[in-house]
Amino acid sequence: MLVSSVVLLAGCTTATSGGAAAPAATTGTTATTAATTASAASAATGCGSRVETGSLPDWADAGFSGDARIPHVFGAKGDIVAVLFAHPLRQVRKDGSNNKILWVARAATTSPDPTAPATLVITARLDGSDTLVTREVAGGPGPSIIDLPQAGCWRLDLRWSGHTDTMDLVYAP
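Report follows, based on the coordinates. Small disclaimer: the values here were computed from a predicted structure and weren't measured.

1. Considering the pairing of strand 6 (residues 132-137)
Thought 1: With six bridges connecting them, strand 5 (residues 120-126) and strand 6 associate as antiparallel partners. Each residue of the ladder has a partner; that of L120, found in strand 6, is V137.
Thought 2: Once strand 5 ends, the chain turns through five residues before running back antiparallel as strand 6, passing G128 with a positive phi of about 80°.

Here it is in structure tokens:
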């Protein structure tokens, strides 16, 4: 009789590099607590797109140097990525920092409809509620400050230049 065993080892690391400085509030115990709270909210609701910490894809790393490793979230279709300069995102940022998100769309996602507005329109719904808010990034995907009114998991519908995608972002208290 043949008996086999499989041992799985897993580990988590967080890395930042030049050009991806994290605000002071995201260091130490505060960041760990906030990240744990955000993860718990995500797990409890089944909501929350995976926050990647590896290298940005080639199509999204323009302006970054070297092996850019910064927290980012891909849209469900993979046509847009939210680069999170503040992680975790927070409903209230008491340290003076903000929820800066750089939205990068694939170059191949140029408008199929030249009459479609370039503005990135974000319609966000708080998971498990009727709370709905809209945010706009003039000029289309690019740098933004996206603050949302409550902590929790937000399901984002993204529209720009005739394209659509979705993602979930968790905001810690």
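There's plenty left to go through after this.
2. Comments concerning the nonpolar core
Thought 1: Membership of the largest hydrophobic core comes to 22 residues, with the highest contact counts inside it found for I101, W103, L156, L158, M167 and L169.
Thought 2: Counting only elements with at least two residues in this core, the list comes to strand 2 (80-84), strand 4 (100-105), strand 5, strand 6, strand 8 (152-160) and strand 9 (163-172).
Thought 3: Counting residues in each nonpolar core, the second largest holds ten residues, with L56, A60, A68 and I70 among its members.

3. Comments concerning unusual backbone geometry
Thought 1: For the peptide bond that leads from H87 to P88, omega is 5°, which places it in the cis range.
Thought 2: The topology assignment puts P88 in the loop between strand 2 and strand 3 (89-90).
Thought 3: Positive phi values are uncommon outside glycine, yet S161 reaches one of about 40°.
Thought 4: By secondary structure assignment, the location of S161 is in the loop between strand 8 and strand 9.

4. Notes on the sheet that holds strand 5
Thought 1: Ordered by their spatial adjacency, five strands build an open sheet running 3-9-8-5-6, and the pairing between neighbours is mixed. If you trace the sheet from one side to the other, it starts and ends with strand 3 and strand 6, each paired once.
Thought 2: Relative to strand 9, strand 8 runs antiparallel, the two being bridged by nine bridges. Looking at the pairing, C153 lines up with V170 of strand 9.

5. Digging into the packing of aromatic side chains
In this description, an aromatic ring pair is defined by two values, namely the gap between the centres and the angle between the planes.
Thought 1: For the structure shown, the criterion picks out two aromatic pairs.
Thought 2: Ring centres 6.2 Å apart and planes at 15° place the aromatic pair F64 and F85 in the stacked group. Of this pair, F64 sits in the loop between helix 1 (28-45) and strand 1 (72-74) while F85 sits in the loop between strand 2 and strand 3, and the two are 21 residues apart along the sequence.
Thought 3: In this structure F64 comes out as buried when scored by relative accessible area, which is 18%.
Thought 4: We note K100 situated over the ring of F85; from NZ or CZ to the ring centre the distance is 4.8 Å.

Calculation criteria
- Residues numbered from 1 in each chain as written.
- Predicted model: local features only at pLDDT ≥ 70, side-chain atom pairs only at ≥ 80, totals over all residues.
- Heavy atoms only, no water.
- Pairing = 2+ DSSP bridges.
- Helix = DSSP H or I, 4+ residues; strand = E, 2+ residues; numbered from the N terminus.
- Core = buried A, V, L, I, M, F, W, Y, C linked by side-chain atoms within 4.5 Å.
- Buried < 20%, exposed > 50% of the residue type's maximum accessible area, 1.4 Å probe, protein only.
- Phe/Tyr/Trp six-rings, centres within 6.5 Å; stacked < 30°, edge-to-face > 60°.
- Lys NZ or Arg CZ within 6 Å of the ring centre and 35° of its normal.

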